[in-house]
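Overview (structure and organization)
Residues per chain are reported as follows:
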2 protein chains.
Amino acid sequence: MRLSRFFLPVLKETPADAQIVSHRLMLRAGMIRQEAAGIYSWLPLGFRVLKKIEQIVREEQDRAGAIELLMPTLQPADLWRESGRYEDYGKEMLRIVDRHERDLLYGPTNEEMITAIFRSYCRSYKDLPKILYHIQWKFRDEIRPRFGVMRGREFLMKDSYSFDLDEASARRAYNRMFVAYLNTFDRLGLKAVPMRADTGPIGGDLSHEFIILAETGESEVFCDSALVDMGAPGLDVDFDGDLQPLVDARTSLYAATEEMHEAERFAAEVPEERRLSARGIEVGHIFYFGTKYSAPLGANVTHPDGKDRPVHMGSYGVGVSRLLGAIIEAHHDEAGCIWPESVAPFGVGIINLKPGDADTDAACQSAYDALVKAGKDPLLDDTHERPGGKFATMDLIGVPWQLITGPRGLKEGKVEIKRRATGERFEVSLESALSQLTADQAGK
Amino acid sequence: MRLSRFFLPVLKETPADAQIVSHRLMLRAGMIRQEAAGIYSWLPLGFRVLKKIEQIVREEQDRAGAIELLMPTLQPADLWRESGRYEDYGKEMLRIVDRHERDLLYGPTNEEMITAIFRSYCRSYKDLPKILYHIQWKFRDEIRPRFGVMRGREFLMKDSYSFDLDEASARRAYNRMFVAYLNTFDRLGLKAVPMRADTGPIGGDLSHEFIILAETGESEVFCDSALVDMGAPGLDVDFDGDLQPLVDARTSLYAATEEMHEAERFAAEVPEERRLSARGIEVGHIFYFGTKYSAPLGANVTHPDGKDRPVHMGSYGVGVSRLLGAIIEAHHDEAGCIWPESVAPFGVGIINLKPGDADTDAACQSAYDALVKAGKDPLLDDTHERPGGKFATMDLIGVPWQLITGPRGLKEGKVEIKRRATGERFEVSLESALSQLTADQAGK
């Protein structure tokens with residue numbers, strides 16, 4: 001992409017009403033624009049990161065054996081009357097009346113609808129197990145939307161739903177999602193700690209939140225610091241194998257959100273030097289809730305013994321749009337965002353210090369072509385902005401690598417490479433720069 | 001994908017209330033499920049095709065220089081009060097009141113919002129030209145939703161918006177989209193004819209609809225049959241070059257929708273043997289409307305002469321979800337869908353005629369692995385359904401190639417390949433089958 005053709009409306013000034021760094025940086029870097037309270041447009045830069053996050057979430061769901069579909073944003077109210085949540089959900093649910101006076105709602109979550117889909121097609125234990133998921137916009141009418149995309153009203157969520165014959169099998173589905181989430185957040189450059197959590201309005205018996213530690217977190221969390229240091233299971237996990245040991249290794253160590261915290265247990269179980277209390281951002285939440293929805297909605301399956309019983313279910317959410325904020329909270333500095341390469345909006349930023357200078361233009365063009373060919377998704381700043389402004393913009397938008405090219409360096413056969421995360425800069429030949437930036441390790 | 005793990009709820013019986021073939025086949029093949037009038041879930045098979053269509057539409061927008069972003073589904077009513085369309089739009093607009101009694105609406109289109117985005121960041125002729133687009137769910141509260149996804153209420157649309165200094169430049173943006181649309185529909189396996197059209201509620205001076213000819217089309221259309229035979233411009237078009245000759249070659253021949261039809265001109269301009277009158281399905285619609293939105297919304301740019309004038313705009317829509325229906329209307333037979341390979345939900349269907357037979361299982365597995373490796377996205381029917389049922393399902397869902405493997409054939413070293421579009425079947429060795437199916441021409 002050439003910057004002269006892109007749409008990147010960076011702001012010179014910090015917006016006064018943005019309270020946390022991710023919100024400020026997303027506005028300043030031209031990633032989002034507020035259209036109404038808690039409702040955002042995703043400008044091209046933000047959209048690119050959103051799509052990359054979505055794709056990683058999708059790949060890890062697929063790897064874990066979940067099947068993707070897409071439910072609509074609007075749902076009939078009657079379905080929620082069946083489960084009993086239509087009245088319970090309160091003012092957070094956006095209720096809508098259509099031209100024929102039928103009650104609709106903008107889905108805040110999809111337990112009811114997926115259960116209705118399941119019950120209309122699946123009747124037998126032979127149809128099990130199944131994990132279905134979708135990545136769709138949801139709406140929750142928060143009384144006080146804030147922190148940008150971290151607590152918006154219209155937000156993108158990945159929600160999965162598992163269907164099993166009994167609790168033991170449902171537990172295996174739960175473990176699949178547990179492990180898939182650890183790998184997902186790891187690929188996104190995040191250290192997410194699974195913590196015992198309250199089940200809240202979803203209900204059920206077993207629940208974990210996946211929490212990123214960050215100063216701006218909304219709630220206090222308590223955990224054994226060994227959990228933070230523990231690596232992800234890795235992409236070569238056999239999801240058809242026994243995942244229980246991987247899960248046990250993490251759930252046997254103390255980790256709890258504020259609501260579930262037991263100070264005495266914390267003190268008794270965790271050595272003092274590993275007792276971590278911090279602020280946390282929830283990026284995922286998983287639930288096993290048995291027959292809470294299948295029983296009232298009549299989603300029964302015939303067991304091998306010939307008897308019909310309600311299917312056992314769980315649900316598993318990742319806040320896809322919220323993750324942009326969480327990643328920025330975890331990866332930024334004074335100058336702007338520092339994207340992990342897996343989700344960076346562009347792989348390499350090429351800065352042309354003197355557009356119009358024939359040699360510089362030619363060098364930038366050849367770098368651009370080579371990086372496109374290598375799949376590195378470069379952004380070429382070919383604008384007539386002054387160099388200082390170009391450096392600031394490239395730092396602000398957080399492209400992982402910069403290739404700085406100008407007539408003075410080229411006379412000596414040199415360009416400059418800058419690594420955004422560390423600030424390291426080094427001068428090399430254009431040829432050597434390209435061989436470094438197109439090598440696979442540059443993609444890590 | 002293994003069918004035993006997929007979620008493919010095919011229906012044995014034809015749904016009684018589906019009036020057109022695409023609606024019937026989408027229900028029977030387990031592609032969609034109606035959740036409310038005109039509101040559908042996209043089951044995994046339908047979702048796969050939807051995503052492939054969306055991706056082709058995206059690639060051709062990008063190739064034409066359009067920049068992707070994403071606007072929210074909900075919009076503040078005030079924006080539509082500024083343009084004057086809030087009252088005009090009537091009951092098709094889904095109006096919503098949030099918990100703070102603020103008026104929102106579910107966007108039926110995005111002229112107002114994109115103009116508001118433009119005006120808040122772009123002020124100078126130096127920011128032009130720009131084409132911005134998004135692919136987002138829209139809602140139009142049709143009084144009588146029908147024909148499945150062809151006239152739904154919640155539907156997926158790609159809408160682009162162009163911003164230019166004057167009419168001449170706006171016309172170049174119009175031509176870019178005109179040519180991009182021809183290539184898009186061609187890649188989707190559709191013959192779409194551009195026709196002069198009424199501008200309707202969008203307004204403006206210049207408009208073309210892109211129409212697929214099909215017996216089930218909603219409106220009558222009239223055109224020179226030479227237009228139907230004309231090929232697409234091709235993916236190597238230089239979008240920065242002069243596109244006018246490509247556009248003129250198509251707009252100089254007679255083609256008009258019912259509202260714009262002039263019988264006398266038709267008779268005078270088109271030789272009798274080329275006078276085609278047929279039913280048509282609209283799959284795209286492009287508009288140039290000048291300053292219709294920029295003037296009331298105050299989206300002005302400073303011209304080189306230092307004066308501010310409203311920016312010239314156009315908008316360009318493709319009905320992404322509707323395209324599934326249109327493609328089925330164009331490509332099906334008695335047995336089911338016949339997907340063009342570019343949008344097929346799977347590239348090859350492998351039918352295991354005897355799961356449990358060691359040799360057959362091994363042959364299917366090796367075929368599966370080879371096809372996955374070649375990027376052919378195979379579906380392996382490893383279920384215990386009887387062969388007749390497997391053949392019927394694979395025909396119904398319309399996978400372009402079938403690889404039929406059973407113990408009897410394998411004893412003679414043979415498998416069978418079936419080409420869905422023609423019904424041709426031939427027996428070959430497994431090795432030869434795989435070299436044919438993994439070759440690039442199988443992808444065409």
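Residues numbered from 1 in each chain as written. Chains lettered and ligands numbered in written order. Predicted model: local features only at pLDDT ≥ 70, side-chain atom pairs only at ≥ 80, totals over all residues. Heavy atoms only, no water.

Going by an unreviewed UniProt entry, chain A carries the name Proline--tRNA ligase and comes from Glycocaulis alkaliphilus. Here is the UniProt Sequence similarities (unreviewed entry) comment for chain A, exactly as written: "Belongs to the class-II aminoacyl-tRNA synthetase family. ProS type 2 subfamily." Heading Function (unreviewed entry) of the UniProt record for chain A holds this comment: "Catalyzes the attachment of proline to tRNA(Pro) in a two-step reaction: proline is first activated by ATP to form Pro-AMP and then transferred to the acceptor end of tRNA(Pro)." (UniProt positions renumbered as here; feature names shortened; annotations may be inferred.)

**Considerations on the domain arrangement of chain A**
Residue and element names in this part refer to chain A. Domain assignment breaks chain A into domain 1 (21-336) and domain 2 (346-443). Placing a centre on the C-alpha atoms of domain 1 and another on those of domain 2 gives a separation of 39 Å. Contacts between the two partners involve 9 residues from domain 1, matched on the other side by 6 residues from domain 2. Here domain 1 meets domain 2 over a buried area of about 700 Å², counting both sides, of which 56% is carbon and sulfur. The largest per-residue losses of area from domain 1 upon contact with domain 2 belong to Leu 45, Arg 48 and Ala 335, which jointly make up 51% of the total buried on that side. Summed over the shared surface of domain 1 and domain 2, the result is 3 salt bridges. (Domains from an automatic or database assignment. Contact = heavy atoms within 4.5 Å. Buried area = accessible area lost by both parts, 1.4 Å probe. Salt bridge = Lys/Arg side-chain N within 4 Å of Asp/Glu carboxyl O.)

**Thoughts on the interface of chain B and chain A**
Counting residues at the interface gives 61 residues for chain B, matched by 61 residues for chain A. Broken down residue by residue, the surface that chain B buries against chain A is led by Phe 7, Arg 99 and Tyr 121 of chain B, which jointly contribute 15%. Counting across the chain B and chain A interface gives 4 salt bridges. With a shortest N-O distance of 2.8 Å, Arg 153 of chain A and Asp 98 of chain B are connected by a salt bridge. The tally of links from chain B across to chain A stands at 22 residue pairs in polar contact (both at pLDDT 80 or more). The biggest single contributor to the side of chain B that touches chain A is helix H2 (residues 44-63) of chain B, with 6 residues. Partitioned by chemical class, the residues of the side of chain B that touches chain A number 36 nonpolar, 6 polar and 19 charged. (Polar contact = N/O pair within 3.5 Å; in protein donor to acceptor, adjacent residues only side chain to side chain. Helix = DSSP H or I, 4+ residues; strand = E, 2+ residues; numbered from the N terminus. Nonpolar A, V, L, I, M, F, W, Y, C, P; charged D, E, K, R; others polar.)

**Section: the sheet that holds strand S22 (residues 415-419) of chain B**
Residues and elements named next belong to chain B. Strand order across the open sheet formed by 5 strands is S20-S19-S21-S22-S23, with mixed pairing between neighbours. With partners counted over all chains shown, the strands left at the sheet margins are strand S20 (379-381) and strand S23 (425-428), one partner each. Taken pair by pair, the neighbouring strands of this sheet meet at an average axis angle of 20 degrees, ignoring direction. On top of the sheet, helix H13 (residues 387-397) reaches strand S19 (348-352), S20, strand S21 (401-405) and S22; it is set at about 170 degrees to S19, its chief contact. (Pairing = 2+ DSSP bridges. Axes fitted to C-alpha atoms, helices over the stretch in contact; angles between N-to-C directions.)

**A look at the pairing of strand S8 (residues 154-164) of chain B**
Residue and element names in this part refer to chain B. Burial analysis of S8 places 11 of its 11 residues in the buried class, the great majority of the element. Side chains Glu 154, Leu 156, Lys 158, Ser 160, Ser 162 and Asp 164 project from S8 onto one buried face, and the interleaved Phe 155, Met 157, Asp 159, Tyr 161 and Phe 163 project onto a second face that is buried too. Pairing between strand S7 (residues 130-139) and S8: 10 bridges, direction antiparallel. Directly across from Ile 135, in S8, lies its bridge partner Lys 158. (Buried < 20%, exposed > 50% of the residue type's maximum accessible area, 1.4 Å probe, protein only.)

**Focus on the packing of aromatic side chains**
When we look at a pair of aromatic rings, we describe it by the centre distance and by the angle of the planes. Applying the stated criterion to the full structure yields 29 aromatic pairs over all chains. Between Trp 42 of chain A and Trp 137 of chain A, the ring centres sit 6.4 Å apart and the planes meet at 50 degrees, which makes this aromatic pair tilted. One end of the pair, Trp 42 of chain A, is in strand S2 (residues 39-42); the other, Trp 137 of chain A, is in strand S7 (residues 130-139), and 95 residues separate them in sequence. Ring plane angle 40 degrees and centroid distance 6.0 Å describe the contact between Phe 185 of chain B and Phe 210 of chain B, whose orientation is recorded as tilted. One end of the pair, Phe 185 of chain B, is in helix H6 (residues 167-187); the other, Phe 210 of chain B, is in strand S10 (residues 206-213), with 25 residues separating them in the sequence. The residues Phe 185 of chain B and Phe 210 of chain B share a single accessibility class, namely buried. An aromatic cluster is present here, built from Tyr 106 and Phe 139 of chain A together with Tyr 106 and Phe 139 of chain B joined pairwise through their rings. The ring of Tyr 368 of chain A has Arg 2 of chain A sitting right over it, with the charged end atom 5.0 Å from the ring centre. One Lys or Arg, Arg 95 of chain B, reaches over the ring of Tyr 86 of chain B and ends 4.6 Å from the middle of that ring. (Phe/Tyr/Trp six-rings, centres within 6.5 Å; stacked < 30°, edge-to-face > 60°. Lys NZ or Arg CZ within 6 Å of the ring centre and 35° of its normal.)

**Notes on the packing of H6 of chain B against helix H8 (residues 244-251) of chain B**
Residue and element names in this part refer to chain B. Contact geometry of H6 with H8 gives a least axis separation of 9 Å together with a crossing angle of 65 degrees. It follows from the interaxial angle that H6 and H8 lie roughly perpendicular. Judged by the twist between their axes, the crossing of H6 over H8 is left-handed. Here Arg 171, Asn 175, Phe 178, Val 179 and Leu 182 of H6 come into contact with H8, specifically with Gln 244, Leu 246, Val 247, Arg 250 and Thr 251. (Parallel < 35°, antiparallel > 145°, perpendicular 65-115°, else oblique. Left-handed = near helix turned anticlockwise from the far one by under 90°.)

**A short note on the side chain of Glu 35 of chain A**
Relative to the helices and strands, Glu 35 of chain A is located in strand S1 (residues 32-36). Of the residues examined, Glu 35 of chain A reaches a relative accessible area of 10% and is grouped as buried. In terms of polar contacts, Glu 35 of chain A uses its side chain to reach the side chain of Arg 33 of chain A, at 2.6 Å. Excluding residues that lie within four positions of it along the chain, Glu 35 of chain A makes contacts with Tyr 40 and Ser 41 of chain A together with Pro 72, Pro 76, Met 113 and Ile 117 of chain B.

**A closer look at the pattern of salt bridges**
Residue and element names in this part refer to chain B. The full count for this structure, using the stated rule, is 66 salt bridges over all chains. Among the salt bridges present, the one from Glu 269 reaches Arg 265, with a minimum N-O distance of 2.6 Å. Note that Glu 269 and Arg 265 are positioned in helix H9 (residues 263-269) at a spacing of 4 residues, about one turn of the helix. Arg 265 sits in the partly exposed class, given a relative accessible area of 29%.

**Observations concerning helix H5 (residues 111-121) of chain A**
Every α-helical turn comprises 3.6 residues, leaving residues that sit three or four positions apart pointing alike. Among the 11 residues that make up H5 of chain A, 8 are buried, leaving the element largely enclosed by the rest of the structure. For H5 of chain A, the full list of buried residues reads Glu 111, Glu 112, Met 113, Ile 114, Thr 115, Ala 116, Ile 117 and Phe 118 of chain A.

**Remarks on the environment of Ser 432 of chain B**
One can find Ser 432 of chain B in helix H15 (residues 430-438). Along the backbone, Ser 432 of chain B and Val 415 of chain B are 17 residues apart, and their C-alpha atoms lie at a distance of 9.4 Å.

**With respect to the pairing of strand S9 (residues 192-196) of chain A**
All names here are of chain A. Burial analysis of S9 places 4 of its 5 residues in the buried class, the great majority of the element. Pairing geometry for S9 and strand S10 (residues 206-213), over 5 bridges, is antiparallel. Bridge pairing in S10 places Val 193 opposite Ile 211.

**Let's talk about the sheet that holds strand S4 (residues 74-76) of chain B**
Residues and elements named next belong to chain B. Pairing in this open sheet of 3 strands is antiparallel, and the strands run S4-S6-S5 from one edge to the other. Each edge of the open sheet is held by one strand with a lone partner, namely S4 and strand S5 (94-97). Across the sheet, the axes of successive neighbouring strands diverge by a mean angle of 35 degrees, strand direction being ignored. With 3 bridges joining them, S4 and strand S6 (residues 103-106) adopt antiparallel strand pairing.

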